[in-house]
Amino acid sequence: MTTHSRPERVGQEIQVALGDLLSRGELRDPRIGYITITGVKVSPDLRVARVFYSMMGTAEERSETQKGLEAAKGFVRRAVTAAVNLRVSPEIFFSFDESIGEGDKIDRLLREVRNKEGW
């Protein structure tokens, strides 16, 4: 077993734990809309976890959701540490995942080209 597989496994466990938190409605901040956790990247020493999320909405809604997530960091950190049973509680950072929006834009452009060319 290599050393880099543990952070990946812990990241997957954190993603599942966050999904459970969201599905049970434990994050009650009204600023946090409907979000999807798209991935978690954990540092090799397991002290930092970067959580990637996506959501539909305007830039203002995205900003409000980011503020809500930042406010809930402490709660999320404690809940994740307990759920994943980690010795060290990782510092949580939330980042909006642009890849879904970019993929949608590429898909839309390809459909337009296909319609113009009559495929």
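Structural data are supplied above this passage.
Nothing here was measured: the structure is a model prediction, and the numbers come from that model. (Residues numbered from 1 in each chain as written. Predicted model: local features only at pLDDT ≥ 70, side-chain atom pairs only at ≥ 80, totals over all residues. Heavy atoms only, no water.)

> Tell me about the overall build of the protein chain, and please be specific about residues and values.
For the protein chain, the helix and strand inventory stands at four helices and three strands. Ordered by position from N to C terminus, the α and β elements of the protein chain give α-β-β-α-α-β-α. Computed over C-alpha atoms, the radius of gyration of the protein chain comes to 17 Å, more than 25% over the 14 Å expected from 2.2 N^0.38 for 119 residues, which places it beyond the range of a compact globule. Judged by the C-alpha coordinates and their principal axes, the protein chain covers about 60 × 40 × 20 Å. (Helix = DSSP H or I, 4+ residues; strand = E, 2+ residues; numbered from the N terminus. Rg over C-alpha atoms; globule rule 2.2 N^0.38 Å.)

> Summarise the packing of helix 1 (residues 5–23) against helix 3 (residues 73–84); cite the residues concerned and give the values.
When two helices pack together, their arrangement is given by the angle between the helix axes and the distance between those axes. Relative to each other, helix 1 and helix 3 sit at 120 degrees, their axes nearing to 9 Å. It follows that helix 1 is oblique to helix 3 by the angle criterion. Here helix 1 and helix 3 pass one another in a crossing that is right-handed. Along the contact surface, helix 1 presents E13, I14, A17, L18 and L21, while helix 3 presents F75, V76, A79, V80, A83 and V84. Its residues assigned to classes, the contact of helix 1 with helix 3 shows ten nonpolar, no polar and one charged. (Axes fitted to C-alpha atoms, helices over the stretch in contact; angles between N-to-C directions. Parallel < 35°, antiparallel > 145°, perpendicular 65-115°, else oblique. Left-handed = near helix turned anticlockwise from the far one by under 90°. Contact = heavy atoms within 4.5 Å. Nonpolar A, V, L, I, M, F, W, Y, C, P; charged D, E, K, R; others polar.)

> Outline the packing of aromatic side chains, supporting the account with residue identities and numerical values.
Following the criterion strictly, the structure yields one aromatic pair and no others. Taking the centre distance of 5.6 Å and the plane angle of 75 degrees together, the rings of Y53 and F96 count as edge-to-face. Taken together, the residues span a long stretch of sequence, with Y53 in strand 2 (residues 48–54) and F96 in strand 3 (residues 91–96) at a distance of 43 residues. What makes Y53 buried here is its relative accessible area of 1%. In this structure, R62 packs its charged tip against the face of F96, placed 4.4 Å from the ring centre. (Phe/Tyr/Trp six-rings, centres within 6.5 Å; stacked < 30°, edge-to-face > 60°. Buried < 20%, exposed > 50% of the residue type's maximum accessible area, 1.4 Å probe, protein only. Lys NZ or Arg CZ within 6 Å of the ring centre and 35° of its normal.)

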